[in-house]
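Chain by chain, the residues run as shown.
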Amino acid sequence: YGGEDFNDVINRFEEFLREIESKPYENVAAFCHAGLITAVVCHVVSAVFDRDGVNCPNCAIIVLEFDGEKWRLLVWNYGAKIGLGAE
């Protein structure tokens, strides 16, 4: 409360993605809290950010892929079903 709003979070994350896009990286691992993961997934799939409607537990893994033009969500909540981040 009183911190960044959704647009601030997404703008900061988009700066990070642009930096990754400008480098010749093949794979990048980034670690963040569930709130950012949820915001990023909503942004990538063009969904409305809704903390109650999109559940991303801590320690869950998402996989994004950049095709040269846009980012795609490949894996969502990996690990949540095997006990990582399970509530």
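Everything here concerns the structure above.
Residues numbered from 1 in each chain as written. Predicted model: local features only at pLDDT ≥ 70, side-chain atom pairs only at ≥ 80, totals over all residues. Heavy atoms only, no water.

Scanning the chain from terminus to terminus reveals 2 helices and 2 strands. Listing every helix and strand of the chain by position from the N terminus yields α-α-β-β. A buried classification covers 25% of the 87 residues belonging to the chain. Long-range contacts, defined here as pairs at least 24 residues apart, represent 40% of the contacts in the chain between residues at least 6 apart. Summing over all exposed atoms, the chain offers an accessible surface of approximately 6,600 Å²; the carbon and sulfur share of this is 50%. (Helix = DSSP H or I, 4+ residues; strand = E, 2+ residues; numbered from the N terminus. Buried < 20%, exposed > 50% of the residue type's maximum accessible area, 1.4 Å probe, protein only. Contact = heavy atoms within 4.5 Å. Areas by Shrake-Rupley, 256 points an atom, 1.4 Å probe, with all protein chains shown as cover.)

For the structure shown, the criterion picks out 2 salt bridges. Measuring nitrogen to oxygen at the nearest pair gives 2.6 Å for the salt bridge that ties E4 to R12. With relative accessibility at 44%, the residue R12 sits in the partly exposed group. (Salt bridge = Lys/Arg side-chain N within 4 Å of Asp/Glu carboxyl O.)

Let us look at the pairing of strand β1 (residues 61-66). Regular strands place side chains that alternate from one sheet face to the opposite one. Bridge count between β1 and strand β2 (residues 71-78): 5 bridges; the pairing is antiparallel. Bridging across to β2, F66 finds its partner in W71. Linking β1 to β2, which pair antiparallel, is a turn of 4 residues; within it G68 sits at a positive phi near 100 degrees. (Pairing = 2+ DSSP bridges.)

Below, the discussion takes up the layout of surface pockets. Empty space among the atoms can be located by rolling a probe the size of a water molecule over them. The volume enclosed by the largest pocket comes to roughly 710 Å³. In terms of lining, the largest pocket is formed by 24 residues, of which the most central are V28, A29, A30, I62 and L64. Within the residue set of the lining of the largest pocket, elements represented by two or more residues are α1 (6-21), α2 (34-44) and β1. The class makeup of the residues in the lining of the largest pocket is 20 nonpolar, 1 polar and 3 charged. (1 Å grid on protein atoms, 1.4 Å probe; cavity = no way out; pocket = protein on both sides within 12 Å on 5 of 7 lines; lining within 4 Å. Points joined across faces, edges and corners; volume = space filled by probe spheres on them. Nonpolar A, V, L, I, M, F, W, Y, C, P; charged D, E, K, R; others polar.)

Under the definition given, this model contains 2 aromatic pairs. Between F13 and F16, the aromatic rings sit 5.8 Å apart at their centres with planes inclined by 45 degrees, giving tilted as the arrangement. With F13 and F16 both in helix α1 and 3 residues apart, the pair spans about one turn of that helix. Classification of F13 by relative accessible area gives buried; the value is 13%. For the ring pair F66 and W71, a centre distance of 5.0 Å and an interplane angle of 40 degrees mean the geometry is tilted. (Phe/Tyr/Trp six-rings, centres within 6.5 Å; stacked < 30°, edge-to-face > 60°.)

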